[in-house]
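Below are the chains, spelled out letter by letter.
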Amino acid sequence: MQLNPSDLSSRRSDFLIANIVSNPSETSWSQAYHAGNLFAVLSLQKETSEEIESDSLSAIGKKILDTLEQNFFTIENKNLESVKQAVIESSKTIPDTIESSFVVGVFVKDILYLFTNDKGKVFMKRENSFGTILESNDPNAKSIASGSGFVKNYDLIVLG
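Only a predicted model underlies this, so the values are computations on that prediction, with no experimental measurement involved.

Caption draft 1: Up close: the overall build of the protein chain. Along the protein chain, the regular secondary structure elements total two helices and eight strands. Ordered by position in the sequence, the α and β elements of the protein chain form the string β-β-α-α-β-β-β-β-β-β. Counting only residues that meet the buried cut, the protein chain has 39% of its 160 residues in that class. Long-range pairs, those at least 24 residues apart, make up 56% of the contacts in the protein chain between residues at least 6 apart in sequence. On the protein chain, roughly 9200 Å² of surface is accessible, and the fraction owed to carbon and sulfur atoms is 47%.

Caption draft 2: Inspection of the environment of Gly 36 at higher detail. As for its position among the elements, Gly 36 is in the loop between β1 (28–35) and β2 (38–45). C-alpha of Gly 36 to C-alpha of Val 106: the two residues are 70 residues apart in sequence and 8.9 Å apart in space.

Caption draft 3: Representation of the sheet that holds strand β8 (residues 156–159) in the model. The sheet built from three strands is open, its strands ordered β6-β5-β8 with antiparallel pairing. Two strands bound the open sheet, and with one partner strand each, they are β6 (129–135) and β8. On average, adjacent strands in this sheet sit at an angle of 20 degrees to one another, irrespective of strand direction. Inspection of the sheet shows strand β5 (residues 121–126) paired to β8 by four bridges, in the antiparallel sense. By the bridge assignment, Met 124 is partnered in β8 with Ile 157.

Caption draft 4: Main features of helix α2 (residues 80–91). For α2, which comprises 12 residues, the first-to-last C-alpha distance of 16 Å matches the rise-based estimate of 16 Å (1.5 Å per residue) to within 8%. Along α2, the residues that are buried comprise Ser 82, Val 83, Lys 84, Ala 86, Val 87, Ser 90 and Ser 91. Contacts from the buried residues of α2 go to α1 (57–73), β3 (99–108), β4 (111–118) and β7 (144–150).

Caption draft 5: Here's a closer look at the side chain of Asp 155. Mapped onto the elements of the fold, Asp 155 is located in the loop between β7 and β8. Side-chain polar atoms of Asp 155 contact the side chain of Arg 126, separated by 2.6 Å. Polar contacts involving the side chain of Asp 155 include one to the main-chain amide nitrogen of Lys 152, which spans 2.7 Å. The contacts of Asp 155, once residues within four sequence positions are left out, are Met 124, Lys 125 and Arg 126.

Caption draft 6: Representation of the pattern of salt bridges in the model. This model, assessed by the stated rule, comprises five salt bridges. With a closest N to O distance of 3.7 Å, Lys 121 and Glu 135 form a salt bridge. Within this pair, whereas Lys 121 is found in strand β5, its partner Glu 135 is found in strand β6, the two being separated by 14 residues in sequence. Overall, the relative accessible area of 31% leaves Lys 121 in the partly exposed class. For Glu 135, a relative accessible area of 37% corresponds to the partly exposed category. Between Asp 155 and Arg 126 there is a salt bridge whose closest N-O contact spans 2.6 Å.

Caption draft 7: Looking closely at the packing of aromatic side chains. Taken as a whole and judged by the stated rule, the model has three aromatic pairs. Stacked on the ring of Phe 72, the Lys or Arg Lys 78 has its end atom at 4.9 Å from the ring centre.

Caption draft 8: How the structure looks around unusual backbone geometry. Residues other than glycine seldom take positive phi values, yet Glu 127 does so here, at roughly 55 degrees. With respect to the helices and strands, Glu 127 occurs in the loop between β5 and β6. Classification of Glu 127 by relative accessible area gives exposed; the value is 63%.

Conventions used here
Residues numbered from 1 in each chain as written. Predicted model: local features only at pLDDT ≥ 70, side-chain atom pairs only at ≥ 80, totals over all residues. Heavy atoms only, no water. Helix = DSSP H or I, 4+ residues; strand = E, 2+ residues; numbered from the N terminus. Buried < 20%, exposed > 50% of the residue type's maximum accessible area, 1.4 Å probe, protein only. Contact = heavy atoms within 4.5 Å. Areas by Shrake-Rupley, 256 points an atom, 1.4 Å probe, with all protein chains shown as cover. Pairing = 2+ DSSP bridges. Axes fitted to C-alpha atoms, helices over the stretch in contact; angles between N-to-C directions. Expected span 1.5 Å × (residues − 1). Polar contact = N/O pair within 3.5 Å; in protein donor to acceptor, adjacent residues only side chain to side chain. Salt bridge = Lys/Arg side-chain N within 4 Å of Asp/Glu carboxyl O. Phe/Tyr/Trp six-rings, centres within 6.5 Å; stacked < 30°, edge-to-face > 60°. Lys NZ or Arg CZ within 6 Å of the ring centre and 35° of its normal.

This is the structure we're talking about:
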């Protein structure tokens, strides 16, 4: 795949996307999400199979992703701060009793904006280098770590 970063806003369909998620259980659930230039991965886990606020993890996860959609797609001027606010609002719907991994990536023109909370991480392979490019500073906090940058041809980005 060859992409010219200046063409990203008009050639989003040229991305190769793969999703790997685990099978849901009573104590864990995960989802990979993609809509246009918005990408997200969400993983939820609880200690026991007892009901949490009478909602299943899949219902909670759907609510989180629905909130992300509603907040993201109504933003007129998408930039690091405005998209971060949408991610923060979505993260507020994660109950405190649930351990989560929530990572969001969005292309705006030729810039990739990335956000993560809790245990989420973003990895990148560029040429012969591979490493973590974004992770939350405090995996026990509900704060959002963010970053942005330009993507080059053949970069591999993993939201996890």
